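# Notes for the structure review
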Amino acid sequence: MIIEVAAEQTYPVIIDSSWKVELSKLLVGRNKAAIIVSEKMQGSIKDLVATDAEALIFPIPDGEAGKSSATLNKIWDWLGAAGFTRSDLIIGIGGGAVTDFAGFAAASWLRGIDWIAIPTTVAGAVDAAIGGKTAINSEYGKNLIGAFHSPTAVIIDVSWFDSLSDRDFAAGLAEVVKAGFISDAKILDLIGTSEISDLRANRDTVIDLITRAIKVKARVVSSDFRESFDREVLNYGHTLGHAIELHCKYDLRHGECVAIGMAFMAQLQLSLGLITPEIAQQHLDILKNLGLPISYQRQAWPSLLASMYLDKKSRGKTLRLVTIKGIGITDRLENPDEKILLAAYEKVSS
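Residues numbered from 1 in each chain as written. Predicted model: local features only at pLDDT ≥ 70, side-chain atom pairs only at ≥ 80, totals over all residues. Heavy atoms only, no water.

## Some remarks on the overall build of the protein
- When its secondary structure is counted, the protein shows 13 helices and 11 strands.
- Taken over the C-alpha trace, the protein has a radius of gyration of 20 Å; the compact-globule value for 350 residues is 20 Å, and the two agree within 12%.
- Taking all 350 residues of the protein together, the buried fraction comes to 55%.
- Sequence-distant contacts in the protein: of pairs separated by 6 or more residues, those separated by 24 or more amount to 71%.
- When the accessible surface of the protein is totalled, it reaches about 14100 Å², and 50% of it is carbon and sulfur. (Helix = DSSP H or I, 4+ residues; strand = E, 2+ residues; numbered from the N terminus. Rg over C-alpha atoms; globule rule 2.2 N^0.38 Å. Buried < 20%, exposed > 50% of the residue type's maximum accessible area, 1.4 Å probe, protein only. Contact = heavy atoms within 4.5 Å. Areas by Shrake-Rupley, 256 points an atom, 1.4 Å probe, with all protein chains shown as cover.)

This is the structure we're talking about:
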């Protein structure tokens, strides 16, 4: 299946195909290709596709640790030493941290060269690799240094997911759950009361869920590429989630932090009368059944609140949160009373 994303350029998201076969087609006519991959995955791509392009492998530190300015400086030096020109391209093979980084490296080299995303995690497939948002982290927050630079193609080979732990698989599904609450109720029906082992055993359901989540993101991105307003809905649960990522120094997975963020939003929206008790409970039940966390440290709140004000969706000193008024009905909440925020957080803190 191919889903088209229309941004500053139109590109295909190729789902359930062999990444080697598809990549061999996309490398025709290229001179050099820089393959950015995490250090622990470097051995997984030894037997690369047969191509006339010279493939150079650049490993970076695993996870969010790789998304740093120090690592980016090394990549720039490597690209310069290898003589990369505008006709060459970068390929990011890995989770969301790798594709975020590879995309930003491509955006910053020669003011932008082509790149291809090959996500190897559920989170990368449904979120990080789609939409053209590329970034590295700052000491002050996640993804604060970045650029909008769409890939020329995204290749999703679901066979990569077989090697994921249940924890990593579930963390990726947090983004799928988010897509269900902001747009596609069928996603929530498909997940239902399933536990992670049940979902993983049904390949067709996994592909359906991934496809639906990508379609949600593709629709939003195609209508609002640079996150002026509409695209913000994709950050449901992320304002607190990103703050937790920073606070825990990325010990928790991105999806785990988003899950806590959605649990928090369920409590906040319920207290404000924006959603019914049934929808609030649906948040908690689905996340718990998948084995995702829905609580965080009580004493962390002052630090988390400060980080939330630095979130990319905030404007000046105005804190802005994405909300829903029902499944698939999104809205914004600006400058909520901090006492109400704390009360909601206390319900999901331990």
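## Concerning helix 5 (residues 166–182)
- For helix 5, which comprises 17 residues, the first-to-last C-alpha distance of 25 Å matches the rise-based estimate of 24 Å (1.5 Å per residue) to within 8%.
- For helix 5, a buried count of 14 out of 17 residues is recorded, marking the element as mostly surrounded by other parts of the structure. (Expected span 1.5 Å × (residues − 1).)

## Some thoughts on the sheet that holds strand 6 (residues 114–119)
- Strand order in the open sheet formed by seven strands is 1-2-9-6-5-3-4, with mixed pairing between adjacent strands. Among the strands making up the open sheet, the edge pair consists of strand 1 (2–6) and strand 4 (54–60). The average undirected angle you get between the axes of adjacent strands in this sheet is 20°.
- Taken together, the five bridges between strand 1 and strand 2 (residues 10–15) define a ladder with antiparallel strand orientation. Its bridge partner being in strand 2, V5 is matched across the sheet by Y11.
- Across the face of the sheet, helix 1 (residues 19–26) comes into contact with strand 2, strand 5 (89–94), strand 6 and strand 9 (153–156) while running at roughly 160° to strand 9.
- Relative to the sheet, helix 8 (residues 203–223) contacts strand 1, strand 2 and strand 9, its axis offset from that of strand 1 by approximately 20°. (Pairing = 2+ DSSP bridges. Axes fitted to C-alpha atoms, helices over the stretch in contact; angles between N-to-C directions.)

## Focus on the domain arrangement of the protein
- By domain assignment, the protein separates into domain 1 (1–160) and domain 2 (164–346).
- For domain 1 versus domain 2, the separation of C-alpha centres amounts to 25 Å.
- If you look at the interface, domain 1 gives 36 residues, while domain 2 gives 30 residues.
- Taken together, the two surfaces of domain 1 and domain 2 that pack against each other cover about 2800 Å², and 68% of this comes from carbon and sulfur.
- Scanning the region where domain 1 abuts domain 2 turns up three salt bridges. (Domains from an automatic or database assignment. Buried area = accessible area lost by both parts, 1.4 Å probe. Salt bridge = Lys/Arg side-chain N within 4 Å of Asp/Glu carboxyl O.)

## Overview of the packing of helix 9 (residues 238–247) against helix 10 (residues 254–271)
- The interhelical angle for the contact between helix 9 and helix 10, taken along N-to-C directions, is 135°, at an axis separation of 7 Å. By the criterion of interaxial angle, the relationship of helix 9 to helix 10 is oblique. As helix 9 packs across helix 10, the resulting crossing turns out to be right-handed. Every residue of helix 10 that contacts helix 9 at H238, L240, G241, H242, I244 and E245 is listed here: H254, C257, V258, I260, G261 and F264.
- In terms of residue class, the contact of helix 9 with helix 10 is made up of six nonpolar, five polar and one charged. (Parallel < 35°, antiparallel > 145°, perpendicular 65-115°, else oblique. Left-handed = near helix turned anticlockwise from the far one by under 90°. Nonpolar A, V, L, I, M, F, W, Y, C, P; charged D, E, K, R; others polar.)

## Quick word on the state of the cysteines
- According to the stated counting rule, one finds zero disulfides in the structure shown.
- C257 takes part in no disulfide bond, and the closest cysteine sulfur to it belongs to C248, at a distance of 4.6 Å.
- For C257, a relative accessible area of 0% translates into the label buried. (Disulfide = S-S within 2.5 Å.)

## Let's talk about unusual backbone geometry
- Of note, the phi angle at K249 is positive, near 55°, even though the residue is not glycine.
- We classify K249 as exposed; its relative accessible area is 66%.
- The phi dihedral of Y250 is positive, around 65°, even though this residue is not glycine.
- Here Y250 lies in the loop between helix 9 and helix 10.

## Observations regarding the UniProt feature "domain: 3-dehydroquinate synthase N-terminal" (unreviewed entry) in the protein
- The UniProt feature table records "domain: 3-dehydroquinate synthase N-terminal" (unreviewed entry) at residues 59–170.
- Between the C-alpha atoms that bound residues 59–170 the distance is 26 Å, and the span itself is 35% helix and 29% strand. (UniProt positions renumbered as here; feature names shortened; annotations may be inferred.)

## What about the pairing of strand 2?
- A loop of three residues connects strand 1 with strand 2, the two strands running antiparallel in sequence.
- Relative to strand 9, strand 2 runs parallel, the two being bridged by three bridges. Paired with I14 across the two strands is I155, which belongs to strand 9.

## Concerning the environment of D100
- Mapped onto the elements of the fold, D100 is located in helix 3 (residues 96–108).
- Judged by relative accessible area, D100 falls into the buried class, the value being 9%.
- The spacing of D100 and E64 is 36 residues in sequence and 9.8 Å in space, taken between C-alpha atoms.
- In this view, D100 contacts K67, A128, K133, T134, A135 and N143; residues no more than four positions away in its chain are not counted.

## Some remarks on the nonpolar core
- Grouped together as the largest cluster of nonpolar side chains are 116 residues, with contacts concentrated most on V13, I36, I90, I91, F161 and F264.
- Looking at which domains feed residues into this core, each of domain 1 (1–160) and domain 2 (164–346) gives three or more. (Core = buried A, V, L, I, M, F, W, Y, C linked by side-chain atoms within 4.5 Å.)

## So, the side chain of S349
- Counting through the fold element by element, S349 comes out in the segment after helix 13 (338–346).
- With relative accessibility at 11%, the residue S349 sits in the buried group.
- Once residues lying within four places of it in the same chain are set aside, the contact partners of S349 are S295, Y296, Q297 and R298.

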